[in-house]
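Reading the structure
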Amino acid sequence: MKTIENPLKSNKRLVLTIAIVACAIALFVGIPTADAEESTATTPEMVNRSVVNPYLASSLYAITHFDSSQSDSTPYGPPRGNFTVDPMTQPTVYGGPINIITLASTNKSYMWAVGSDRVSYVNVTDNNWTAVAKYEALTDASNNSFPAVPDENFSTFGESSAVGMNTSSMNSSLKSLFGENYADRFGNGLYSVVDNENVLYTNYGDNLYAFALSDPNNPSAGIKKLYMLEDVVTAIQGDDHPPYARLFGLSMTYDGYLIITFSNGVAVINRDLNTTSTSFYKLGRGEYVSNSVAVDENNGIYLASDSVMHKLVWDGTNLSDNEADGAWSSPYNNSEQPPMIKVGNGTGSTPTLMGFSDDEDKLVVITDGAKQMNLVAFWRNEIPEGSERIAGQIPVTCNFTTLPEWIQTEQSVVVSGYGAFVVNNIPENVSSDLIGQNKILQVSLMGPAYDTAYGAERFQWNTSTNEWSSVWARSDVSSTSMVPIYSQSGNMALINGYRLPDGWKVLGLDWDTGEIVHQTIFGDANFGNGAYALLEYLENDDLIFNSFAGPIRINYNTSNLSSGAVSIDNNTTNMSSGADASGSWELISENPVGDVIEIKGTGFVGDAAKVAATFEKDVMVQDGEYEYLLEDVIIPSGFDNSFTVQATGADDLNVRAKIILWLTKSAKAQNGTATVSQKGVPPGTYKIRIDGKASGSNVKIKITAVQEVEVDSEGNLNYEYNTKSIPAGNFKVKVGGIEKQIEF
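Computed from a prediction, not measured in an experiment: that's the story for all the values here.

1. A few points about the overall build of the protein chain
Looking only at helices and strands, the protein chain features 7 helices and 48 strands. Expressed as a percentage of its 744 residues, the buried residues of the protein chain come to 60%.

So this is what it looks like as structure tokens:
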């Protein structure tokens, strides 16, 4: 894989704004990258030391959340650096909407893609990503109440954008593409498992399915229903089950039985779905489960309701809650139903196991249901003397200066060793438009059309003191609804979210420092929305991005990806030391027009600080065209320059730059806005012209640009910029975490 090195950090002088404005321009010059380096080969067992379940198809990706311990940790991952991807040009296996995971099969040449509508068998050999067979499972389960959705509809949705939309327009779009009852597609195929005979178990409608290949020697011959348990709730619980009972999760015992998690209990059944073998455990009155389970090598089953954490024990015949068998239960904190994204008022996490083999502490971890959630660890087995079942808990703050009403997640805790990583999924300001709407509608709009969620935090468990500590936290990174993961090869936590100016992206955060070390930038297209799904990486470090409209395969070595050094805010906080990463700064000159002015800053953490500026200009349209010209724009010799130009009210946008010859980058408008972006802008003095066609009377041009500047060993920065080419007006300038308005 290629690793992208940062350019030499030699910047002491910054021409802001239109340096800002004009970062644009160098987009037209090629950007060199470093030589390729091979990533170190790693096996799944090296990432998570849990015992491999011999009844799963593979030690990795044969079950939702990757393995029996539900670690969400993989040995594979992306290279460091920035990569801009046009998802429309990447191979896609359509399905959904919502595609939680693409599962391993017993044949490394193929994988099972599981969407909320269908299952597909995918050829992955030699960079292939092609469905050789599919089964319209939801259509089958609903007796055609949910007709099969054409691939073209998924493609149309993936290529479009939610920018500029609202609940009404998006609801109409979803209905036109996926049917009037599209909201009820949510919840199908959420938790799945593939066994060592290459049988895929998952749920559609009220039914539990076991799918297999019609001819294992000829996968293109099709997929068949090997077994089906119709109306699985009634089949296992009887006619007197509560009306709210439904299937939520699936897993596998270490002696080869299928585990079924219901909203009101858990069952164990033979893999041929013969109900005479069933053992069902019913939870207490008022408890509700909305996730799956973790399983240890001794068949301890860890199940979290909305108020109680349970360990049940499977003895080969029955489920036991008897303490003599090692079972236990422990209440934990909950509150109320969050306004969006999350399901239920308790934990949003499937339990995750931490500590294996001869490790000192063996724990199971979740986030609780408090409005400002806690990371909670329970002792899995015996409670050490002087302790309680809850081994330790710590508030999640995500480095917010003022805590918002909600810090909550619908995602499991990512675990690697004794490290844990969590994200916040609730926006600080939730529009009343979104409250009470269905989950598919909410998750399709959050970010591009309505405020997104921010916040992530990394923790470490101390086996000597038996307590959590915060390693780092960030309030400036977005994770909307996709399940975060850990990559060992990259030593990074990976999340998916929406943030201007880049739109949808995958961010890689260094596991030890929280620094942003990877970006895969998708732009505004819905293909970049990994709604409720998991990120995955293959053995060659290709990304499997389980998008809203179907899993996409992305190879970071292909020529149709542009790459560069990482260039985004790295405003992390080491919570242990209480350092202030945002710093402070002031403008020295009182009258910047025509002057070389100076900015001084103190209290910055790290060796660089990010400077970002935004400038807006209204441009008149004449004869259906608009134009905005800038002369002698200086881009200084810095590092990690980037820019975005947006033209609202335009039909299209051209950003043209000239040092010797004119070079142009163009974009068509989507939902009334055209956008051109570029990373890694080389230095120089440019003439810039922004133009295009428009149907209205004016176009609003918005230019956002960022550049890093050096911070000395004492946390100070001191640099100058020349305002010669800057037009009069107001600019918003952000240095570190502090934004100010400057009038030129």
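What follows continues from the structure just given.
2. So, unusual backbone geometry
Of note, the bond from Gly-96 into Pro-97 is cis; its omega dihedral lies within 30 degrees of zero at -5 degrees. Here Pro-97 shows up in the loop between strand E2 (81-84) and strand E3 (101-104). A cis amide bond, omega 5 degrees, links Leu-500 with the succeeding residue Pro-501. Considering the arrangement of structural elements, one finds Pro-501 in the loop between strand E29 (492-499) and strand E30 (503-510). Even without being a glycine, His-65 presents a positive backbone phi close to 70 degrees. Residue position: His-65 is located in the loop between helix H2 (44-47) and strand E1 (73-74). What makes His-65 buried here is its relative accessible area of 4%. In this structure, Asp-231 is a non-glycine residue whose phi angle is positive, near 45 degrees. Among the secondary structure elements, Asp-231 is positioned in the loop between strand E10 (223-229) and helix H6 (232-237).

3. Considering the sheet that holds strand E12 (residues 258-262)
Ordered by their spatial adjacency, 4 strands build an open sheet running E11-E12-E13-E14, and the pairing between neighbours is antiparallel. Looking at which strands have only one partner, the edges of the open sheet turn out to be strand E11 (247-252) and strand E14 (279-282). Here the average twist between neighbouring strands, direction ignored, is 15 degrees. Bridging between E12 and strand E13 (residues 265-269) involves 5 bridges; their strand directions are antiparallel. Paired with Thr-261 across the strands is Val-266, a residue of E13.

4. What to know about the confidence of the model for the protein chain
Model confidence for the protein chain is summarised by a mean pLDDT of 86, while 83% of its residues fall at 70 or above. Low pLDDT (under 50) marks residues 1-46, which in the prediction has 151 contacts with non-local residues, meaning those over four places away or in another chain.

5. Some points on the pattern of salt bridges
Any two side chains of opposite charge can pair, on the condition that their charged atoms come close. Within the structure shown, the criterion is met by 19 salt bridges. Between Arg-118 and Glu-136 there is a salt bridge; the shortest N-O distance is 3.7 Å. Of this pair, Arg-118 sits in the loop between strand E4 (110-114) and strand E5 (119-123) while Glu-136 sits in the loop between strand E6 (130-135) and helix H3 (137-141), and the two are 18 residues apart along the sequence. Assigned by exposure class, Arg-118 and Glu-136 land together as buried. Lys-505 serves as the salt-bridge partner of Asp-502, at 2.8 Å between the closest nitrogen and oxygen. Judged by its relative accessible area of 9%, Asp-502 falls in the buried class. In the salt-bridge network here, residues are joined through shared partners; they are Asp-117, Arg-118, Lys-134, Glu-136 and Asp-151.

6. Digging into the nonpolar core
Across soluble globular proteins, nonpolar side chains have a tendency to be buried as a group. Ranked by size, the top nonpolar core spans 107 residues in total, and within it Phe-211 and Ile-260 carry the most contacts. Ranked by size, the runner-up nonpolar core spans 38 residues in total, among them Val-633, Val-655, Ala-667 and Ala-705.

7. What about helix H5 (residues 167-178)?
Quick reminder: α-helices carry 3.6 residues per turn. Residues three or four places apart thus point the same way. For H5, spanning 12 residues, the distance from its first C-alpha to its last is 16 Å, which sits close to the expected 16 Å at 1.5 Å a residue. Of the residues making up H5, those classed as buried are Thr-167, Met-170, Leu-174, Leu-177 and Phe-178. Around the axis of H5, the buried residues are gathered within 105 degrees of arc, so they sit on the same side. As for H5, its buried residues are in contact with helix H4 (151-159) and helix H7 (439-445). Where H5 begins, one side-chain oxygen reaches toward the backbone nitrogen of Ser-168, 3.1 Å away; that side chain belongs to Asn-166.

8. Some remarks on the pairing of E5
The side chains of a regular strand alternate, residue by residue, between the two faces of the sheet. For E5, a buried count of 5 out of 5 residues is recorded, marking the element as mostly surrounded by other parts of the structure. Judged by which residues are buried, E5 turns out to be covered on both faces: Val-119, Tyr-121 and Asn-123 on one side and Ser-120 and Val-122 on the other are all buried. Taken together, the 5 bridges between E4 and E5 define a ladder with antiparallel strand orientation. Bridged to Trp-112 within E5 is Tyr-121. Linking E4 to E5, which pair antiparallel, is a turn of 4 residues. Across 5 bridges, the pairing between E5 and E6 is antiparallel. Among the inter-strand pairings, Tyr-121 is bridged to a residue of E6, identified as Ala-133.

9. Details of the environment of Val-313
Along the polypeptide, Val-313 turns up in strand E17 (residues 308-314). With a relative accessible area of 11%, Val-313 lands in the buried category. For the pair Val-313 and Asp-296, spaced 17 residues apart in the sequence, the C-alpha separation amounts to 9.7 Å. Sequence-distant contacts of Val-313, that is, excluding residues within four places in its chain, are made with Asn-299, Asn-318, Leu-319, Ser-320, Asp-325, Gly-326 and Ala-327.

10. A few points about the pairing of strand E31 (residues 516-523)
With 8 of 8 residues buried, E31 lies mostly within the body of the structure. Sheet topology note: the E2/E31 ladder contains 4 bridges and is parallel. Each residue of the ladder has a partner; that of Gly-81, found in E31, is His-518.

11. Considering the sheet that holds strand E26 (residues 454-462)
Strands sit in the order E24-E25-E26-E27 across an open sheet of 4 strands; the sheet is antiparallel. Since the sheet does not close on itself, it has two edges, and those belong to strand E24 (414-416) and strand E27 (467-478), each with one partner. Across the sheet, the mean angle separating the axes of adjacent strands is 20 degrees when strand polarity is ignored. Across 5 bridges, strand E25 (residues 419-423) lies against E26 in antiparallel orientation. Counted as the bridge partner of Phe-421 is Arg-458 from E26.

12. Digging into the packing of aromatic side chains
Taken as a whole, this structure holds 23 aromatic pairs when the rule is applied. Note on Tyr-61 and Phe-66: the rings are 4.9 Å apart at their centroids and 75 degrees apart in plane angle, and the pair reads as edge-to-face. Both residues of the pair, Tyr-61 and Phe-66, count as buried. Members of the aromatic cluster, each reached through a chain of ring pairs, are Tyr-135, Tyr-204, Tyr-209 and Phe-211. The cationic tip of Arg-246 hangs over the ring face of Phe-248; the distance from NZ or CZ to the ring centre is 4.2 Å.

13. Thoughts on the packing of H4 against H5
The interhelical angle for the contact between H4 and H5, taken along N-to-C directions, is 155 degrees, at an axis separation of 9 Å. For the element pair H4 / H5, the angle class is roughly antiparallel. Listed contacts from H5 to Asn-153, Phe-154, Thr-156 and Phe-157 of H4 are Met-170, Leu-174, Ser-176, Leu-177 and Phe-178. Residues of the contact of H4 with H5, tallied by class, amount to 6 nonpolar, 3 polar and no charged.

14. Remarks on the environment of His-518
In this fold, His-518 is placed in strand E31. Classification of His-518 as buried rests on a relative accessible area of 0%. Measuring from C-alpha to C-alpha, the distance between His-518 and Phe-83 comes to 8.0 Å, with 435 residues separating the pair along the chain. In this structure the side chain of His-518 is engaged in a polar contact, spanning 2.7 Å, whose partner is the backbone oxygen of Pro-79.

Thresholds applied
- Residue positions are given per chain, counting from 1 as you read along its sequence in written order.
- In keeping with the model being predicted, local features are shown solely for residues with a pLDDT of at least 70 and side-chain atom pairs are shown and tallied solely at 80 or more, while totals for entire chains, interfaces and linings include all residues.
- Only heavy atoms go into the side-chain values, all of them from the structure, while hydrogens and water stay out.
- Each helix corresponds to a stretch of at least 4 residues labelled H or I by DSSP, and each strand to a stretch of at least 2 residues labelled E; elements are numbered beginning at the N terminus.
- Under the scheme applied here, a residue whose accessible area is under 20% of the maximum for its type counts as buried, over 50% as exposed, and between as partly exposed, the area being computed with a 1.4 Å probe on protein chains only.
- Pairing between strands is defined by DSSP: at least two bridges between the two strands are required.
- In this analysis an axis means a line fitted to C-alpha atoms, helices contributing only their contacting stretch, and an angle means the value between N-to-C directions, from 0 to 180 degrees.
- One number per residue, pLDDT, summarises how confident the predictor is, and it ranges from 0 to 100.
- Two residues qualify as a contact provided that any one of their heavy atoms is within 4.5 Å of a heavy atom in the partner residue.
- A carboxyl oxygen of Asp or Glu within 4 Å of a side-chain nitrogen of Lys or Arg is what we treat as a salt bridge.
- By nonpolar core is meant a set of buried Ala, Val, Leu, Ile, Met, Phe, Trp, Tyr and Cys residues that side-chain atoms within 4.5 Å join together.
- Residue count minus one, scaled by 1.5 Å, sets the expected span of a helix.
- Arc definition: it is the arc formed by the directions from the helix axis to the C-beta atoms.
- The definition of a polar contact used here is a pair of N or O atoms within 3.5 Å, where within protein one atom must be able to donate a hydrogen and the other to accept one, and adjacent residues in sequence count solely through side-chain atom pairs.
- Aromatic rings from Phe, Tyr and Trp, taking only the six-membered ring of Trp, are treated as a pair when their centres fall within 6.5 Å; an angle between ring planes under 30 degrees marks them as stacked, one over 60 as edge-to-face, and anything in between as tilted.
- Only Lys NZ and Arg CZ are tested; either one counts as a charge over a ring when it is within 6 Å of the ring centre and within 35 degrees of the ring normal.
- Oblique is the label for any angle not under 35 degrees, not over 145, and not in the 65 to 115 range, which are roughly parallel, roughly antiparallel and roughly perpendicular in turn.
- Side-chain classes are defined by residue name, with Ala, Val, Leu, Ile, Met, Phe, Trp, Tyr, Cys and Pro counting as nonpolar, Asp, Glu, Lys and Arg as charged, and the others, Gly among them, as polar.

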